[in-house]
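Inside the fold
In case you want the letters, here they are:
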Amino acid sequence: MYILCYGRSEKALKLGKYLMENLDGRWIESAEFFSSRTPLTASEKNACIVMILPLEACCGILSDNYSPTIASLPVICVSPDGKFAAVLRRAGVMSLVDTEEIYGAIADLLGRDCFTSFGDNSDFAPDLVKTARAYNMTPNDPDLLPMVNSYIRSGGKVNVYTDLPVSFAEPVLDGLIFDVMRYGSHTRDAFIEAYVSEKKKDSDKPAVFVTCTHLPDVEGEGRPLVLIPRRISIGMEIKDKTDPEYAVKYVRSTLINHMIEPGAVSTVAVTQSAHSSQIVRAVADDLNASVTAYSAKQLSEVVLPLQMTFAPEKMHEVCTAAACLASSDGNILIRRAGGNSGLVFSASLQKGNIMMTE
C-alpha cells in the first residue's frame, strides 16, 4: 500500500513520517497538489491520500477546487495527535486501492485509543424498494431487490451503473452509500461490458444497474440487480390489416434489436380511432403497458425534431408525434420502424430525472 501524506504542523510531520515508514509513501509538499492537474506517477495512481489535519480542514480542501486528476483516490483524515481517523472518501470502483485495508492499517498503527467510529451509513441509508416502487421499476430477480435493500439499510455500500439521468437528494451523504458510474448513449458498449463483468465476478458487494437497455444473457457467478423503470413510450400507426400475434413479435423484436428492454415500455400511444384496435391491445398486453389515445388535433400540433424534408408525404408522422406526447417530448430512440410490416412505430424515452433518494 502507498500513501500520500499532507499536513501543516510539526506534530503532523512527525505522525506522517511514522505512517510512511510503516506503510510506504511520500509527503505532499504543497497544498497546490490538491488543485493541480499534473498527472500522477505510476505508484501514485493506486495511492491513498492521508490528510493529517482537523476534520473540518480536510472537508474544506475536498470541496474547494479539488483536481479531477486525484478525484478517484481515497482520502483518509487523521488528526495530528493521532487520536482520530476517518475515511472521507473511498476509492472509485475502477481503482485497485483497498480503502478499508489501508484504513485498518492506519488505525492499527495509531493504537487502540484512536477514535475511529461515530455512527455508520445505516443512520441515513435510503430505501431502494421504495424508489423502485415510485418509478415502477421491474427487478430482474424479485428476491434480489429486498436482499440488496437490506444490505444498503444495514450501512453497506453498492456500485450503481446507469445510462439514465439519475439524481440524488444529498450527493455528499448518498456518495457514502452509492458509487455511481454514469454512461451515455455513446458509451453503451462500455455499459454492457460493465454488466458482463459484474455477471462474471463473484463478489459480496452488490451491484445495481438502473437502465432501459436490453442486457445480454451472460453465464456467471455474479448476481447484479437490474432495475428497469418504465420510461419508454411507443407511438403506433396501423397502416394495413395485420395479425396481432405477428405485431406483438415484431414490436418486441424491434425493441430488442435497438437495445431497448421491452419491459421498460410504459405506454402505447395511438390516435383515438386506433384505440380499440386488436393490434394495439395485443401489443400493450404483451408489454404490460397502458394505452393512451390522442386526437388528430393534438398530434398535428406536435413539433417534431429533425423533420424529414426528403419525404414530404411523410411529414405528418403520427407515430412519432404520439410517442413524443406520451413521453413529454422525450428523446426519440426509434423513428418510424416498420416499413412493410403493416404497422409503424416510434419509441421515445421519457424526460426527467430518476430520484434515487429522497
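The rules we used
- Each chain has its residues counted from 1, running along the sequence as written.
- Per-residue local features of the predicted model are confined to residues with pLDDT of at least 70, and side-chain atom pairs are confined, for both listing and counting, to 80 or more; whole-chain, interface and lining totals are unaffected and use all residues.
- The side-chain quantities take in all heavy atoms of the structure and omit both hydrogens and water.
- Secondary structure elements follow DSSP: runs of H or I no shorter than four residues count as helices, runs of E no shorter than two count as strands, and numbering proceeds from the N terminus.
- As defined in this context, the radius of gyration uses C-alpha atoms, and a globule is described by 2.2 Å times the residue total to the power 0.38.
- Between buried and exposed lies partly exposed: a residue is buried under 20% and exposed over 50% of the maximum accessible area for its type, with that area taken using a 1.4 Å probe on protein chains only.
- Two residues qualify as a contact provided that any one of their heavy atoms is within 4.5 Å of a heavy atom in the partner residue.
- Note on areas: these come from Shrake-Rupley sampling with a 1.4 Å probe, and a residue is covered only by the protein chains present in the view.
- By the counting rule applied here, Lys and Arg register as positive and Asp and Glu as negative, while His and the ends of each chain are not counted.
- To locate a charge, the coordinates of NZ of Lys, CZ of Arg, CG of Asp or CD of Glu are taken.
- For Phe, Tyr and Trp, rings pair up if their centres lie within 6.5 Å, where Trp contributes its six-membered ring, and each pair is then called stacked (planes under 30 degrees apart), edge-to-face (over 60) or tilted (otherwise).
- Two strands pair under a simple rule: DSSP has to find at least two bridges between them.
- Angular values range over 0 to 180 degrees, each being the angle between N-to-C directions of two axes fitted as lines to C-alpha atoms, with helices fitted over their stretch in contact.
- Throughout this description, the term nonpolar core refers to a set of buried Ala, Val, Leu, Ile, Met, Phe, Trp, Tyr and Cys residues connected via side-chain atoms within 4.5 Å.

**Regarding the overall build of the protein**
- A count of helical and extended segments in the protein gives 11 helices and 17 strands.
- Taken over C-alpha atoms, the radius of gyration comes to 26 Å for the protein, far larger than the 21 Å a tight globule of 358 residues would show.
- Seen along its three principal axes, the alpha-carbon backbone of the protein occupies a region of about 85 × 45 × 35 Å.
- For the protein, the residues scored as buried account for 48% of the 358 residues in total.
- Of the contacts formed within the protein by residues at least 6 apart in sequence, a portion of 63% connects residues at least 24 apart.
- As presented, the protein carries roughly 18200 Å² of accessible surface, and 50% of it is formed by carbon and sulfur atoms.
- Each charge sign in the protein was given a centre, from 34 positive and 43 negative side chains, and these centres are 4 Å apart.

**Details of the packing of aromatic side chains**
- Evaluation of the coordinates by the stated rule reveals 11 aromatic pairs.
- For the ring pair Tyr-161 and Phe-209, a centre distance of 4.6 Å and an interplane angle of 10° mean the geometry is stacked. Of this pair, Tyr-161 sits in strand β7 (residues 158–162) while Phe-209 sits in strand β10 (residues 207–210), placing them 48 residues apart in sequence. In this pair, the class of Tyr-161 matches that of Phe-209, namely buried.
- Aromatic rings pair up to connect Tyr-161, Tyr-183, Phe-191, Tyr-195 and Phe-209 into one cluster.

**Quick word on the sheet that holds strand β3 (residues 48–52)**
- The strand order across the open sheet built from five strands is β2-β1-β3-β4-β5, with neighbouring strands paired in mixed fashion. Of all the strands in the sheet, just β2 (25–27) and β5 (85–89) have a single pairing partner and so form its edges. Ignoring strand direction, the axes of neighbouring strands in this sheet form an average angle of 25°.
- The sheet contact formed by β3 and strand β4 (residues 75–78) spans three bridges and is parallel. Following the sheet pairing, Met-51 is matched in β4 by Cys-77.

**A few points about the side chain of Ser-327**
- As for its position among the elements, Ser-327 is in the loop between α11 (318–326) and β15 (331–337).
- Filtering out sequence-adjacent residues up to four positions away, Ser-327 remains in contact with Ser-233, Ser-348, Leu-349, Gln-350 and Lys-351.

**Here's the deal with the sheet that holds strand β9 (residues 178–182)**
- Sheet architecture is open: five strands sit in the order β6-β11-β10-β7-β9, paired in mixed fashion. Edge positions in the sheet fall to β6 (138–139) and β9, since each has one partner strand and no second.
- Relative to strand β11 (residues 225–228), helix α5 (residues 144–153) is tilted by about 110°, and along the sheet it contacts β6, β7, β9, β10 and β11.

**Structural notes on unusual backbone geometry**
- Phi is positive for Asn-136, close to 50°, though the residue is something other than glycine.
- Within the element layout of this structure, Asn-136 appears in the loop between α4 (128–134) and β6.

**Overview of the nonpolar core**
- Judged by nonpolar contacts, the single largest core of 62 residues is most densely connected at Ile-234, Met-236 and Phe-345.
- Among all residues touching Phe-345, those that are not within four sequence positions of it are Ile-234, Gly-235, Met-236, Tyr-250, Val-251, Thr-254, Leu-255, Cys-319, Ile-334, Arg-335, Arg-336 and Ala-337.
- Grouped together as the second largest cluster of nonpolar side chains are 23 residues, Ala-12, Leu-15, Met-20 and Ile-106 included.

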